[in-house]
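# Topology and contacts: notes
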Amino acid sequence: MHLSFHLAAITSGIAFLSPLSAQSPGASAREEIAPKVAAARAILDPWLQENPRRDERKLHLILWTPNDREPAPMYRERLTAIMKDIQKFYAKEMSRIGFGPMTIRLDEAADSLLKIHLVRGRKPYSHYKTESGAEIRTECLPTLRAAGIDADKETIVIFCNMSNWNEAQRTIMQNSPYYAGGNHRQGTAWQVDSPILQLDYLAEKGQHVRDGQYGNISLGRYNSIFIGGVCHELGHALGLPHNRERDDERAAFGTALMGSGNRSYGEELRGESKGSFLTLAHALRLASHPMFNGSIKGIDLLPNAKPSEISFRKEGQGFQMSGRVAADPPVYAVLGYMDPNGGGDYDATTTTAIPDKDGRFTLDCQALATGKSGVLRVFYLQVHGATSGWLSSTPHQYPYSVSAQGDADISLIRQLNLIQPLIDAMEKNDEKVLATLSQADDLLKDDTCREIARRLCATRSPLRDPATLASDVTTMPLADLSCTKESVGYGIPLRNRTPAPLHLLHAGDRLYRHGIHAHAPSVMTWQLDGTWKSLQGSCGNAHGQSGEVQFRIEGDGKVLWDSGYVQQGTVKPFSISITGVQELKLITGNGRDGKNNDWSLWLEPTLSRQ
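Values in this document were obtained by computation on a predicted structure and should not be read as measured data.

## Concerning the overall build of the protein chain
- Tallying secondary structure elements over the protein chain gives 12 helices and 34 strands in all.
- Across its three principal directions, the C-alpha atoms of the protein chain cover 90 × 60 × 45 Å.
- Put simply, the protein chain has 610 residues, and 55% of those count as buried.
- Restricting the contact set of the protein chain to residue pairs at least 6 apart, pairs at least 24 apart contribute 73%.
- Accessible area of the protein chain: about 25,400 Å², with a carbon and sulfur share of 49%.

Rendered as structure tokens:
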């Protein structure tokens, strides 16, 4: 489990270039590293060396235990060996990539073991569970403060004594927080400790244990999973998001630490795989982390990168994003995470670019998941460690889709760009600008954008009463008709848009011209006159929202259609008979995960008398 974050944004300032002749899709994993690292260091190193502010920041470790348990035996010795091995892993990977042996700094005591702050919880084991991370962290704060450590300004790792090891039966299970989050200024990682968490066991292939989650596994594999888990979650505490290795990276280096690399750590010792590695994208991030480079210069400055002149073009089967970025302090690297829908962000592959002296860059996006829609998330790394992009106050996201043949389609980005000025005008409540922009030539040439613009400009127009419609009206968008009753799980129902900052009816891999946003659980009721014959449309959760939703249509109290459970990224069409129906209800349910992120959308639902 990991702390996860989901943001969505509409893009702006995008131009489109005509496709160029076929070019190489980019350097291989090995070939790309040296020139990019040299170019990044040419920006990063001089800034750090001018008027430096040095600080030997260290990672602070806690062993937390419920008040009815003693710590697992030899915890200082075991955790010292593990953390020093993880320290070597980061140093080895940063050296391989070209930054030298940058790594985490550990707080060592006089006896050569690490300082590990022992904290006893206020309550017994039975009180705590996986979700108790915040409570456990709060219990650790007094001990840290007494040691002069401000957990809100440092990076800490909390090992929780929440495993249950039965040596006789060789079974183990854990009920511990196991997640992390952080940035260049601070972070917290929660881990689980156990008596069999030992570095010496990494190479063990013969002895087996039965784990409550992973089943019958070798002692070596248990330690790969859980020592690798420490290394992986520490990455989150340092500000690294998930990512999967590209095919060329896998062939060259193994499994990405921030993908499935938490399970392959040390596998090379058992001859099972190449083991785990750090991607170039994540090494670039860590190069400006105060713990890695020893600099706190500008640490309190907020991210302020401003991209401009953004353009997209097809290149090979994928696409390229080019642009220019300005920032003070400067940007030394641009990262792109190509994240297909579904699977969280574990399967996001990466691409990297280094701005030139004028701030210009090009991201080559080729490692795309075939047959899936996705989003390109872009981060701008500044030399003082701050990051502009996803998870920050200024997200940069660009949706795309990929055909079953592997060809990327970036037409949705173009439509979003055409609509964005209208969204900006709506935010400023500038109806004059809104009306003018809605007549822009480029926008009028796109049928979908033209209709969306017309409806955005008419958001204050009164809804029509179904009872007053003339009999010769053969089709009617349901979003244009007034309800007799309506209720939603959060906010208010919205016609033809969603709440800020999205506004547009975006689901799956396309925009929809009209529809209704009704946050689940919701019920919307229309009183018809029995003359309509059919209702057609689609439904789905809004793009960028992770909730699971169930859609149902009822006519005069009878269920006419049920979508089943609909996941984010999935759009389900419907076409049903409503002949003779007097009362029509559109209903959304929470699914199986509560109502959070259930931005349920009825997409282009249309009544027909034909």
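## Section: the pattern of salt bridges
- Applying the stated criterion across every chain yields a total of 38 salt bridges.
- E267 is paired through a salt bridge with R221; the nearest N and O atoms lie 2.7 Å apart. Placement of the pair is E267 in the loop between α6 (261–264) and β12 (276–277) and R221 in helix α4 (residues 219–237), with a sequence separation of 46 residues.
- Note on R221: relative accessible area 24%, which makes it partly exposed.
- R455 is paired through a salt bridge with E451; the nearest N and O atoms lie 2.8 Å apart.

## Concerning the nonpolar core
- M83, I86, Y90 and I104 are the most contacted members of the largest nonpolar core, which has 73 residues in total.
- Core analysis: the next-biggest nonpolar cluster, separate from the first, contains 30 residues, M476, L478, W561 and L586 among them.

## Some thoughts on the sheet that holds strand β10 (residues 215–218)
- A sheet is described by the order of its strands in space; here 4 strands give the open sequence β5-β6-β9-β10, paired in mixed fashion. Across the chains shown, the open sheet's two edge strands, defined by having one partner strand only, are β5 (163–166) and β10. Direction aside, neighbouring strands of the sheet carry axes that sit 25° apart on average.
- Across the sheet, α4 touches β6 (171–174), β9 (208–211) and β10, and the angle it forms with β10 is around 95°.

## Some words on the sheet that holds strand β33 (residues 583–589)
- With respect to topology, 5 strands assemble into an open sheet ordered β23-β28-β33-β30-β31, the strand pairing being antiparallel. Among the strands making up the open sheet, the edge pair consists of β23 (485–487) and β31 (558–566). Strand-to-strand twist of the sheet, defined as the mean angle between neighbouring strand axes without regard to direction, takes the value 10°.

## Section: the side chain of R377
- Topologically, R377 is positioned in strand β18 (residues 373–382).
- A distance of 2.7 Å separates a polar atom in the side chain of R377 from a polar atom in the side chain of Q397.

## Remarks on the packing of helix α2 (residues 75–97) against α4
- Where α2 contacts α4, the axes come no closer than 10 Å and their chain directions differ by 60°. One finds that α2 runs oblique with respect to α4. The way α2 lies across α4 gives a crossing that is right-handed. Across the interface between the two elements, I82, M83, I86, F89 and Y90 from α2 touch I227, V230, C231, L234 and G235 from α4.
- Along the lines of polarity and charge, the residues of the contact of α2 with α4 split into 9 nonpolar, 1 polar and no charged.

## A word on α4
- With 19 residues, α4 ought to run about 27 Å at 1.5 Å a step, and its terminal C-alpha atoms sit 27 Å apart, in line with that.
- Most of α4 sits inside the fold, with 18 of its 19 residues counted as buried.
- A positive backbone phi angle near 105° is found at G239, which sits one or two residues after α4.

## Looking at the environment of D598
- Tracing the backbone through its elements, the reader meets D598 in the loop between β33 and β34 (600–608).
- Taking C-alpha positions, D598 is 50 Å from N51, a pair spaced 547 residues apart along the chain.
- Here D598 is in contact with H519, A520, N541, G547, E548, V549, N590 and D593, once residues within four sequence places are set aside.
- Reaching out from D598, the side chain makes a polar contact with the backbone nitrogen of E548 at a distance of 3.4 Å.

## Observations regarding the packing of helix α9 (residues 411–427) against helix α12 (residues 447–457)
- Direction vectors running N to C along α9 and α12 enclose 10°, while the axes themselves pass 10 Å from each other. By the angle class used here, α9 and α12 are roughly parallel. Taken together, the residues of α12 that come into contact with α9 (itself represented by Q415, L418, I419, L422, I423 and M426) are T448, C449, I452, A453 and L456.
- Class assignment of the residues belonging to the contact of α9 with α12 gives a composition of 9 nonpolar, 2 polar and no charged.

## Concerning unusual backbone geometry
- D328 connects to P329 through a cis peptide bond whose omega is 0°.
- Mapping P329 onto the fold places it in the loop between β14 (318–326) and β15 (331–340).
- The peptide bond linking A520 to P521 adopts the cis configuration, its omega dihedral lying at -5°.
- Its place among the elements puts P521 in the loop between β27 (515–517) and β28 (522–527).
- In the Ramachandran plot, N51 falls in the positive-phi region, its phi being about 50° despite a non-glycine side chain.
- Turning to its location among the elements, N51 is positioned in the loop between α1 (29–49) and β2 (60–65).

## What to know about the pairing of β34
- Along β34, 8 of the 9 residues are buried, which leaves the element largely enclosed by surrounding structure.
- Where strand β22 (residues 475–477) lies against β34, 3 bridges are found, and the strand directions are antiparallel. For T475, the partnering residue across the bridge sits in β34 and is S608.
- Relative to β34, β27 runs antiparallel, the two being bridged by 3 bridges. Note that in β34 the partner of G515 across the bridge is L603.
- Sheet topology places strand β29 (residues 534–541) next to β34; 7 bridges connect them, and they run antiparallel. Among the inter-strand pairings, G540 is bridged to a residue of β34, identified as L601.

## Digging into the confidence of the model for the protein chain
- Residue-level pLDDT values for the protein chain average 90, and 94% of them are 70 or greater.
- Low pLDDT, under 50, characterises residues 1–26; the predicted model gives this stretch 70 contacts beyond four residues in sequence or across chains.

Calculation criteria
Residues numbered from 1 in each chain as written. Predicted model: local features only at pLDDT ≥ 70, side-chain atom pairs only at ≥ 80, totals over all residues. Heavy atoms only, no water. Helix = DSSP H or I, 4+ residues; strand = E, 2+ residues; numbered from the N terminus. Buried < 20%, exposed > 50% of the residue type's maximum accessible area, 1.4 Å probe, protein only. Contact = heavy atoms within 4.5 Å. Areas by Shrake-Rupley, 256 points an atom, 1.4 Å probe, with all protein chains shown as cover. Salt bridge = Lys/Arg side-chain N within 4 Å of Asp/Glu carboxyl O. Core = buried A, V, L, I, M, F, W, Y, C linked by side-chain atoms within 4.5 Å. Pairing = 2+ DSSP bridges. Axes fitted to C-alpha atoms, helices over the stretch in contact; angles between N-to-C directions. Polar contact = N/O pair within 3.5 Å; in protein donor to acceptor, adjacent residues only side chain to side chain. Parallel < 35°, antiparallel > 145°, perpendicular 65-115°, else oblique. Left-handed = near helix turned anticlockwise from the far one by under 90°. Nonpolar A, V, L, I, M, F, W, Y, C, P; charged D, E, K, R; others polar. Expected span 1.5 Å × (residues − 1). pLDDT = per-residue confidence, 0-100.

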